[in-house]
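Single-letter residue listing:
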Amino acid sequence: MKLLLLGIQLVVFAALSAADPVNSVVPASADPKSLPNIVIIFTDDQGYADVGKFGAEGFKTPNLDRMADEGGIFRNFHVAQPVCSASRAALLTGCYPNRIGIHGALGPRSNVGISETEMTLAQLLKQLGYSNGMFGKWHLGDAPGFMPLRHGFDEYFGLPYSADMWPGHPDLITNLPSALAVKKREYPNLPIYDGENKFREEVSIDDLNHLTTWYTERAVKFIDKNRARPFFLYVAHNMPHVPLGVSDKFRGKTQRGLYGDVIEEIDWSVGQILDAIKRNGIDDRTLVIFTSDNGPWLCYGNHAGSAKPLREGKGTNWEGGTREPCIMRWPGHIPAGTDTWDMLMTIDLFPTIAKLTGAKLPDHKIDGLDVWPLISRQPGAKNPHDAYWFYYQKNALEAVVKGDGRWKLQMPHTYRSIVGQIPGHDGVPGKYADRKVETEELYDLVDDISESTDVAAKHPDLVKQLEEAAEKARADLGDELTRQPGSGRREPGLLHGT
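A brief report on the enclosed structure follows. (Residues numbered from 1 in each chain as written. Predicted model: local features only at pLDDT ≥ 70, side-chain atom pairs only at ≥ 80, totals over all residues. Heavy atoms only, no water.)

Here we come to the overall build of the protein chain. Per the secondary structure count, the protein chain includes eleven helices and 19 strands. Taking 23 Å as the expected radius of gyration for a compact globule of 498 residues, we find that the protein chain reaches 22 Å, a close match to that expectation. In terms of its C-alpha atoms, the protein chain occupies a principal-axis envelope of roughly 70 × 55 × 55 Å. Counting every position in the protein chain, which comprises 498 residues, the buried fraction comes to 61%. The contacts in the protein chain between residues at least 6 apart in sequence include a share of 70% that link residues at least 24 apart. (Helix = DSSP H or I, 4+ residues; strand = E, 2+ residues; numbered from the N terminus. Rg over C-alpha atoms; globule rule 2.2 N^0.38 Å. Buried < 20%, exposed > 50% of the residue type's maximum accessible area, 1.4 Å probe, protein only. Contact = heavy atoms within 4.5 Å.)

Structure, rendered in structure tokens:
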């Protein structure tokens, strides 16, 4: 009987591989009990200081704090770009998003999405027979061929893009700038998907209040159902991106107002997921990672988070835009109670998970590197990157950071700033001001985490090293600021006829 079942499994794997060239590698042997479960919880626009262990004010995060006590805190963890779609592309492919043609935040009915030739984390793990579930915001293209079930996930429930890309966005009842109001009114109705079918043709304001609960319930059911086999669970909360929504069980509970209520509900969700893992007896073979897609959207004032003590927030390559709160937990593998400042980036999770599971990396180039020795706190471990590259806009190289995370070179560029501006209130945004970095600026992120003092004149040797790293980035991925095309970029997915 065991031989018969094994034969059936191999036939199924072979059929899946033939149908999907990205999943064409099937391992010779894979003992499910030896493979770790992978859980990634990815919030939206949560600030660096919006977790208890990172300095939260006006609300509490007891479940995340417990997760940190039982695992590790990573205080120098970055996303690849400070904006929605690009950040998610990097997390799921191990590539800088501009390498694979994903820029900014893709809108509804986008002609662009993640290419079928790219390999996602779900497809990486599908090689080993993982069950893959995704609950939350996708934002890598909303055409059928771009959606999660076409890219390695077995289950999906959530929104195809951000909840503000919607004609029913609550801030339309106020005096938005006319161009922004017109743009929002021209958006199509925002659906909620269940698999490839629509759970709702049009999301309502009340639905937003239930999203965190719905995603959590689906995640817990997924864990219960797959407890006897390896699984990858990706929970990508829409919150705390505006418009904010929270259930009655958390509304009005914090001193921080609606934003604090939303974070406490996310913390509850983390607790539900951790409890389900423990209840099913799979604690010792489940890696859980919590972080956010970019920093706070500061122009929304009291509906935005905090990046203290970092500079700026979402939409910039200052630390407040890319450095995110990160906690990882895997009993017996990540030492409990560790608190580290080693630099890591979301692009590194893909190859690290491949190494942990034995999955075969794609044939095409990726940018992340295995950082498990750093995550697991192995003695003498060092970051394997010479430098990390920080792009924004269409393909603008704005900053470069040494792999050890200490020295950061800001390139000349224009960025948006809320400093000196009047922030928004109750869901209505304020206005940013444009600022310029006129010449290269160097910052010591160990002694000056707030990027307040340019020390380029004191360290010309370091400036030269980082300039060389920048030229390497430009040769590979290009740079619109210096009009260099780059030779290593790949095309995104395109709808036929575009």
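We now examine the state of the cysteines. Here the structure, examined in full by the defined rule, presents zero disulfides. This cysteine, C84, is not joined by any disulfide, and C299 carries the nearest cysteine sulfur, 12 Å off. Using a relative accessible area of 2% as the deciding quantity, one classes C84 as buried. Not part of a disulfide, C326 finds its nearest cysteine sulfur in C84, a span of 18 Å. (Disulfide = S-S within 2.5 Å.)

Turning our attention to the sheet that holds strand β18 (residues 441–444). Sheet architecture is open: four strands sit in the order β13-β14-β15-β18, paired in antiparallel fashion. Every interior strand has two partners, whereas the edge strands, β13 (387–392) and β18, have only one. Averaged over all pairs of adjacent strands, the angle between strand axes in this sheet comes to 20 degrees, irrespective of strand direction. The pairing of strand β14 (residues 396–402) with strand β15 (residues 407–410) spans three bridges and is antiparallel. The residue of β15 that forms the bridge with V401 is K408. (Pairing = 2+ DSSP bridges. Axes fitted to C-alpha atoms, helices over the stretch in contact; angles between N-to-C directions.)

Formed by 53 residues in total, the largest nonpolar core has its most connected members in V39, M67, I223, L233, I273 and F290. Contributing elements (two or more residues each) for this core: β1 (37–43), α2 (62–69), α6 (205–225), β8 (231–236), α7 (258–279) and β9 (286–292). With nine residues, the single largest contributor to this core is α7. When neighbours within four sequence positions are excluded, I223 is seen to be in contact with F231, L233, I273, A276, I277, N280 and I282. Counting residues in each nonpolar core, the second largest holds 48 residues, with L106, L125, M134 and F350 among its members. (Core = buried A, V, L, I, M, F, W, Y, C linked by side-chain atoms within 4.5 Å.)

All buried positions along α2 are accounted for by N63, L64, D65, M67 and A68. In the core, the buried residues of α2 are packed alongside β2 (72–78), α7, β9 and β10 (323–329).

Here we take up the side chain of S247. You can see S247 is positioned in the loop between β8 and α7. On the accessibility criterion, S247 (8% relative accessible area) is buried. Within the structure, the side chain of S247 is placed 2.6 Å from the side chain of E265, a separation counted as a polar contact. Discounting residues that sit within four places of it in the chain, S247 has contacts with N209, T213 and E265. (Polar contact = N/O pair within 3.5 Å; in protein donor to acceptor, adjacent residues only side chain to side chain.)

Right, let's talk about the environment of F77 for a bit. Mapped onto the secondary structure, F77 falls in strand β2. Residue F77 is classed as buried on the basis of its relative accessible area of 0%. The contacts of F77, once residues within four sequence positions are left out, are T291, T322, R323, E324, C326, M328, L344, M345, T346 and L349.

Between side chains of opposite charge, pairing is possible as soon as their charged atoms come close. For the coordinates displayed, the defined rule picks out 32 salt bridges. Residue R323 is joined to E319 by a salt bridge in which the shortest nitrogen-to-oxygen separation is 2.7 Å. Of the two residues, R323 and E319, both sit in the buried class. Overlapping salt bridges, with partners in common, bring together D44, R88, K137 and D293 in one network. (Salt bridge = Lys/Arg side-chain N within 4 Å of Asp/Glu carboxyl O.)

With that settled, the discussion passes to the side chain of D267. Note that D267 resides in helix α7. It turns out D267 is buried and unbridged, and the closest side chain with the opposite charge, R66, is 7.6 Å from it. Sequence-distant contacts of D267, that is, excluding residues within four places in its chain, are made with T61, P62, N63 and L64. (Lys, Arg positive; Asp, Glu negative; His and termini not counted.)

Looking now at helix α11 (residues 460–477). If you check α11, its first and last C-alpha atoms are 25 Å apart, about what 18 residues at 1.5 Å a residue would give, namely 26 Å. Among all positions of α11, only L462, V463, L466, A469, A470, A473, R474, D476 and L477 are buried. Projected onto a plane normal to the axis of α11, the buried residues spread over an arc of 165 degrees and lie on a single side. In α11, the exposed positions that point more than 90 degrees away from the buried face belong to P460, K464, E468 and K472. (Expected span 1.5 Å × (residues − 1). Arc of directions from axis to C-beta.)

Tracing the backbone shows G430 in the loop between β16 (413–417) and β17 (433–437). Between the C-alpha atom of G430 and that of K126, which follows or precedes it by 304 residues, the distance is 44 Å. The contacts of G430, once residues within four sequence positions are left out, are C299, I422, P423 and G424.

Glancing now at the packing of aromatic side chains. Under the definition given, this model contains 18 aromatic pairs. Relative to F54, the ring of Y48 has its centre 5.3 Å away and its plane inclined at 80 degrees; by these criteria the two rings are edge-to-face. The exposure class assigned to Y48 is buried, which follows from its relative accessible area of 4%. Exposure remark for F54: the relative accessible area of 6% places this residue in the buried category. (Phe/Tyr/Trp six-rings, centres within 6.5 Å; stacked < 30°, edge-to-face > 60°.)

What is shown is where atoms sit, not what they do.
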